[in-house]
Amino acid sequence: MLRFSKEIVDRPITSQVILEQGTPVNILSAHMNQQGGEILVDIESAHADKVIKAFRDKGVTVDVRKLVEKDDDKCIDCGACVSICPMDALTFDEAHTVVLDEEKCNGITCGLCVDACTTRAIRLLG
Amino acid sequence: MESSGVQVAYKEVDVVTTGTFGAMCSSGAIINLGHADPPIKIQNAWLNDVPIPHPGAAVDLYIGATIGSETKPSEYGGAHVIEDLIRGKEVELRATAYGTDCYPRTRIETTLTKEDLNQFYLLNFRNGYQRYSCATNGRDETIYTYMGKLLPRYRNATYSGAGELNPLTNDPDYETIGLGTRIFLGGGQGYVIGEGTQHNPKSRLGTISVRGDAKKMSPEFIRGASFTNYGTSLYVGIGIPIPLLNEGIAKKASIRDEEIVTDIVDYGIPRRDKGAIRDTNYKELKSGRIDINGRDVKVTSLSSLKTAHKITETLKTWIEGASFYLSQHVEKLPTDTVFKPMKQTGETAFVESIVHEAVTCREDERIEEVAQRLVNRSVNHVVVVDGQGKLSGIVTSWDITKSIANGKKTLKDIIVRNVHTTSLNDPLETASRTLAQHNISALPVVDGERRVLGIVTSEDISRLLGGARSG
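Parameters and conventions
Residues numbered from 1 in each chain as written. Chains lettered and ligands numbered in written order. Predicted model: local features only at pLDDT ≥ 70, side-chain atom pairs only at ≥ 80, totals over all residues. Helix = DSSP H or I, 4+ residues; strand = E, 2+ residues; numbered from the N terminus. Buried ≥ 20, exposed ≤ 12 C-beta atoms within 10 Å, placed from the backbone. Contact = placed C-beta atoms within 7 Å. Domains from an automatic or database assignment. Pairing = 2+ DSSP bridges. Axes fitted to C-alpha atoms, helices over the stretch in contact; angles between N-to-C directions. Nonpolar A, V, L, I, M, F, W, Y, C, P; charged D, E, K, R; others polar.

Asker: Could you clarify how one ought to interpret the overall build of chain A in this entry?
Answerer: Within chain A, the regular secondary structure consists of two helices and eight strands. Traced from its N-terminal end to its C-terminal end, chain A shows the element sequence β-α-β-β-α-β-β-β-β-β. Taking the principal axes of its C-alpha atoms as reference, chain A extends roughly 50 × 25 × 20 Å. Buried positions account for 27% of the 126 residues belonging to chain A. Here the analysis covers contacts within chain A between residues at least 6 apart in sequence; of these, 61% occur between residues at least 24 apart.

Asker: Explain the overall build of chain B to me, please; I cannot follow it from the model alone.
Answerer: The helix and strand tally for chain B stands at ten helices and 28 strands. Overall, the C-alpha framework of chain B stretches about 85 × 70 × 40 Å when taken along its three principal axes. Taking all 471 residues of chain B together, 41% fall into the buried category. Considering only contacts within chain B whose residues lie at least 6 apart along the sequence, 67% involve residues at least 24 apart.

Asker: Is there a simple way to explain unusual backbone geometry in this structure?
Answerer: A negative phi angle characterises most non-glycine residues, just as the trans form characterises most peptide bonds. Residues and elements named next belong to chain B. In this chain, D37 is followed by P38 through a cis amide linkage whose omega measures -10°. Within the secondary structure, P38 is located in the loop between strand 2 (28-32) and strand 3 (44-47). The backbone of R204 shows a phi angle near 55°, a positive value even though the residue is not glycine. Among the structural elements, R204 can be located in the loop between strand 15 (188-195) and strand 16 (208-213). Even without being glycine, N229 reaches a positive phi, approximately 60°.

Asker: Could you clarify how one ought to interpret the interface of chain B and chain A in this entry?
Answerer: For an interface, size is often stated in terms of accessible area lost upon the parts coming together. Each partner contributes to the interface: chain B provides 24 residues, whereas chain A provides 16 residues. Counting residues per element, the ones that place at least two in the side of chain B that touches chain A are strand 11 (148-150), strand 12 (156-159), strand 17 (222-227), strand 22 (295-301) and helix 5 (305-320) of chain B.

Asker: Could you clarify how one ought to interpret the domain arrangement of chain B in this entry?
Answerer: Each assigned domain of chain B is listed here: domain 1 (3-15 + 128-205 + 246-332) and domain 2 (351-470). Look at where the C-alpha atoms of domain 1 of chain B and domain 2 of chain B centre, and you get two points 44 Å apart.

Asker: I'm lost on the environment of R272 of chain B in this one. Help?
Answerer: By the secondary structure assignment, R272 of chain B is in the loop between strand 19 (261-266) and strand 20 (278-281). With 28 residues separating them in the primary sequence, R272 of chain B and L244 of chain B have C-alpha atoms 38 Å apart.

Asker: In this structure, what is going on with the sheet that holds strand 6 (residues 91-96) of chain B? I would like to understand it.
Answerer: Sheet strands pair via backbone hydrogen bonds, and the direction of the pair is either parallel or antiparallel. All names here are of chain B. Strand order across the open sheet formed by four strands is 4-3-6-7, with antiparallel pairing between neighbours. Every interior strand has two partners, whereas the edge strands, strand 4 (50-52) and strand 7 (107-112), have only one. Pairs of neighbouring strands in the sheet enclose a mean axial angle of 20°, with direction left out of account. One ladder, built from six bridges, connects strand 6 with strand 7; its direction is antiparallel. Looking across to strand 7, one finds that T96 is bridged to R107.

Asker: Would you explain the domain arrangement of chain A in this entry?
Answerer: All names here are of chain A. Domain annotation of chain A identifies domain 1 (2-62) and domain 2 (66-126). Computed over C-alpha atoms only, the centres of domain 1 and domain 2 are separated by 28 Å. The partner domain 2 presents five residues to the four residues of domain 1 that form the contact. In the side of domain 1 that touches domain 2, the residues fall into two nonpolar, one polar and one charged.

Asker: For this particular structure, what's the right way to read the environment of K215 of chain B?
Answerer: Residue and element names in this part refer to chain B. Mapping K215 onto the fold places it in the loop between strand 16 and strand 17. Given 15 C-beta atoms within 10 Å, K215 falls into the partly exposed group. Along the sequence, K215 and I86 sit 129 residues apart, while their C-alpha atoms lie 6.2 Å from each other. Residue contacts for K215: discarding those within four places in its chain leaves K114 and F120.

So this is what it looks like as C-alpha cells:
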C-alpha cells in the first residue's frame, strides 16, 4: 500500500519509479484526490526491496501487506481450496497440511478460494 | 500392509486402526436441557438463532448439523452450535410453546454451556461412507455443492473419504464392525449403533450410524463447516479398530488405495442418476491430478488426510495405553439391504417436454434481416449459430431496440456471447432457477457439443407450471 500525502500527490511518482527501476508495478486499486491518496500495488518479490526504497526516497509512505491470510487455527486441512487455486499457491505438504505460498497468490484479483473454504479460514487483504 | 506380507502381518499385528475426518451432513446432537420453573414443553426452539425443527418430548432437542441459522443460513448452522458447545462456549436458547396444564410456560430465553446440559451426545444417522464419488462440473458456470465449489468445464474435481485409511473399506464385509463396536468418535469414545441410512452394501457403499458423549469430544475432531450456497455440515472424526481375527480379515484390511475404485461424476447434471464419466481409484485421486475427457484436472480431497492419520495414531496410542478397549459387536451390519429411490406420485417436468424449435441466424446476417425474422416468427429471441449448428450467441428484440438507440450497425456488435444454456435432461425447476438467477427470459437448449436443439422461454415455463397448479 502506497500512501501519498497532499504535498506529493500531484507528482508522477509511480511512473518515475517504474521507469527508473525498469520493473512492472501492478496497480490493484487506487483512490486519489487533491488531499492525497492510496494505491495498492503488487510488486514482483525479486524487485520488492529496490522498489519500496525508491518510493520511500520520493516521500511515499509504504506499507508492505500480505494479499491473503490463512488462519491456521481455523483451517482443517481438508483441501477444498487446493483444486480451486489457479496459481498453485495452495498445496498440500508431505504431512497433508494445506500450505499457502503468499508469493504465488494473486490476492484480490482472484479470490476463488475464499468462498470455497469450508471453515472460512482464508481472508483477502487490501 | 503389503498384501505379500498378509501372513506375517496376521501373525504379528493384532489390530489395525482406521480413521477418517470428513464432512458428514447426516450428523447432529441430542441435548437435554432439564426442566424450567414453571416447566415448558418446547414446541419451537432456536439455539444461537438456529431453528431446531424436531424437539423431543419437552426439553430434548436434536440439533441437526445442516440446519442454517435464520440470520446467516449458510455461514452458521447446527454444526457450529455443536462445535461451540464442545468448545465450552455459551449458546443462547430461545423457545416457545403453546402451554398446557402440566407445562404452563409459553416462552423462555436463557444461555447454556455443555456443563448445564444433562445429556449432550452426538447421534449421527449416516457416517463413514465406505467410498464416495469424485465430483466435477461440466456446466459453463461455477456450481456450489456439498462436494465444494466446482469450477466450470471440468476445471477442478473433489473427492471425499480417506481411501485405504477408511474404516468400512478395511472391513468391507462387516465382519468386525457392527452394532456395539466401540470407536473413536470426535476425539472421545462412542459406538456404532447400526447401519447408517442409505446403507448400500452390495454397491460397496456401506454406512454406519454412531453415537458418543459429545461432552468429552474435541473441536480438533468435530468441526462446523460452511459450504457456500449449500449450507452447513459437520466434520466428524471417526476411528475404528479392526482386530485381525483371521487371515481373511487381515487380507481385507491390507487394501491399498489403488484397489479402491470409485467413479467420477458430473455434479453439473441436476439429476439423481448422473452417470459416471469414468472409473478412478483413490491412489489416482490422492495424486492430485486426474484425466477427465483428455484434460489434466486438479483434484483434491474435502476430507482431511492429515487428521485421518492423526485419528489412526491416537486410537493406536489409546489401545496400547489401555485407555480404549475393543468391543465385540452384538449384531452385524446388514449385507443385503438396498437403497431405493424416492417414490414420487406427481410427475416431474423436464426441459424435454417444453422445448421448441429455436429461430436462428448466422453472425454475418444484417440486423434488419434478423429483426424481420423476429417479427415474422413472433418471437423475442434469435439464437446465433455457426456452420455446424453450434451455439455462438443470442440476440433479443431488446438488443435490436438498443442497437437502434445506440446507432450500432452490425449484428456482431450486439450479439450476447455469454449465453446461459440448458439441456433436454434438466428439470424445469433448474431451468427456471437459471432464468431467475441471471434475470433473463430464454435459454437455448444444447447438447454436450453445444449444438442448438431448441429453446425454452420463461413464458413456456410459467405456462406449464401455472397449468400444473391450476390443473
